[in-house]
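# Descriptive analysis of the structure
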Amino acid sequence: MIDGVADAPSAVAAEVNRYLACDLVFYRAPGPAGLVAWQAEAWDPVLAWVRETLGARFVLAEGIAFVAQPTDALAAASSAIPTDPWRLGAMHAITTLTGSALIAIALSRGALSVDAAWAAAHVDEDWNMKFWGRDALALERRAARFAEMQAAAIVLEAIE
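Residues numbered from 1 in each chain as written. Predicted model: local features only at pLDDT ≥ 70, side-chain atom pairs only at ≥ 80, totals over all residues. Heavy atoms only, no water.

## What to know about the overall build of the protein
The test is simple: Here a helix means four or more residues in a row that DSSP labels H or I, a strand means two or more in a row labelled E, and each is numbered from the N terminus. This radius of gyration counts C-alpha atoms alone. The globule rule is 2.2 Å times how many residues there are, raised to the power 0.38. Each residue is assigned to one of three classes by its accessible area relative to the maximum for its type, calculated with a 1.4 Å probe on protein chains only: buried under 20%, partly exposed between the two thresholds, exposed over 50%. Method for areas: the Shrake-Rupley scheme with a 1.4 Å probe, in which residue coverage is limited to the protein chains shown. Charge assignment in this entry is limited to Lys and Arg as positive and Asp and Glu as negative, and neither His nor the chain termini are counted. Think of each charge as sitting on NZ of Lys, CZ of Arg, CG of Asp or CD of Glu.
Helix and strand content of the protein: eight helices and two strands. Counted from the first residue to the last, the protein has its helices and strands arranged as α-β-α-β-α-α-α-α-α-α. The C-alpha atoms of the protein give a radius of gyration of 16 Å, which matches the 15 Å a tight globule of 160 residues would have. For the C-alpha atoms alone, the extent of the protein along its principal axes is close to 50 × 35 × 30 Å. Across the 160 residues in the protein, those meeting the buried criterion constitute 40%. Within the structure as shown, the protein displays about 8700 Å² of accessible surface, and the carbon and sulfur contribution to it stands at 59%. The distance from the centre of the 11 positive side-chain charges to the centre of the 19 negative ones in the protein is 4 Å.

Structure (structure tokens):
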């Protein structure tokens, strides 16, 4: 081990695991009805895929108060986090860019396209833009982050 480098992959995997415990797709808005529908349309398929493919059943919450997830669901989803440093690095980037380890796992396994994953991660932001308008600077930042996500997805595709 040189300056902690040998521990780096396990630290990165641990960070992705932390996202699993409080994943974006678990926390639903109480309203308005349109936003609730947008979230369900974007996030329910991710949860269904995780349930069917990994056997992980998670608990949903309304609002932002933390809800503990079942240990067996966390373990099942955690098993899908890669150990290969390249795949792990790409998944970590996607997780932090989307706020969702589950979206990252689904993307890495081909269950979501890059565009669908990005859209799912930005449901709330898109809803707000629909009503309050667009901010040019925020859209610039978002485009740069999307380019980073596309690069991570390219890495995943290249090492399949």
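Still more ground to cover, so stick around.
## Observations concerning the environment of Pro 30
With respect to the secondary-structure elements, Pro 30 resides in the loop between strand 1 (27-28) and helix 2 (33-54). Classification of Pro 30 as exposed rests on a relative accessible area of 60%. For the pair formed by Pro 30 and Met 149, sequence separation is 119 residues and the distance between their alpha carbons is 29 Å.

## Description of the packing of helix 1 (residues 8-21) against helix 4 (residues 85-98)
Definition in use: Each axis is a line fitted through C-alpha atoms, and for a helix only the stretch in contact is used; angles between axes span 0 to 180 degrees, taken between their N-to-C directions. Should the near helix be turned anticlockwise from the far one by less than a right angle, the crossing is left-handed, and should it be turned clockwise, the crossing is right-handed. Contacts are assigned to residue pairs that have any heavy atoms within 4.5 Å of one another. All residues other than Ala, Val, Leu, Ile, Met, Phe, Trp, Tyr, Cys, Pro, Asp, Glu, Lys and Arg, Gly among them, are scored as polar; the first ten of these are nonpolar and the last four charged.
Two elements in contact, helix 1 and helix 4, have axes separated by 10 Å at closest approach and are oriented at 35°. In this structure, helix 1 crosses over helix 4, and the sense of that crossing is left-handed. On helix 4, the residues that touch Pro 9, Val 12, Ala 13, Glu 15, Val 16 and Tyr 19 of helix 1 are Leu 88, Met 91, His 92, Thr 95 and Thr 96. Considered class by class, the residues forming the contact of helix 1 with helix 4 number seven nonpolar, three polar and one charged.

## A short note on helix 4
Since the α-helix turns once every 3.6 residues, residues separated by three or four places project in the same direction. What counts, and what does not: By this rule, a helix spans an expected 1.5 Å times one less than how many residues it contains.
Between its terminal C-alpha atoms helix 4 stretches 20 Å, which fits the 20 Å expected from 14 residues at 1.5 Å a residue. Taking burial as the measure, the 14 residues of helix 4 include 10 buried ones, the bulk of the element. By the burial criterion, the buried members of helix 4 are Arg 87, Leu 88, Ala 90, Met 91, His 92, Ala 93, Ile 94, Thr 95, Leu 97 and Thr 98. Buried residues belonging to helix 4 abut helix 1, helix 5 (101-108), helix 6 (114-121) and helix 8 (136-158).

## So, the pattern of salt bridges
To keep it simple, the criterion reads: Between Lys or Arg on one side and Asp or Glu on the other, a salt bridge is scored when a side-chain nitrogen of the former is within 4 Å of a carboxyl oxygen of the latter.
Following the criterion strictly, the structure yields three salt bridges and no others. Here Arg 142 and Asp 126 are joined by a salt bridge, their closest N and O atoms 2.7 Å apart. Here Arg 142 is found in helix 8, whereas its partner Asp 126 is found in helix 7 (residues 123-132), with 16 residues between them in sequence. Assessed through its relative accessible area of 12%, Arg 142 is described here as buried. Classification of Asp 126 by relative accessible area gives partly exposed; the value is 22%.

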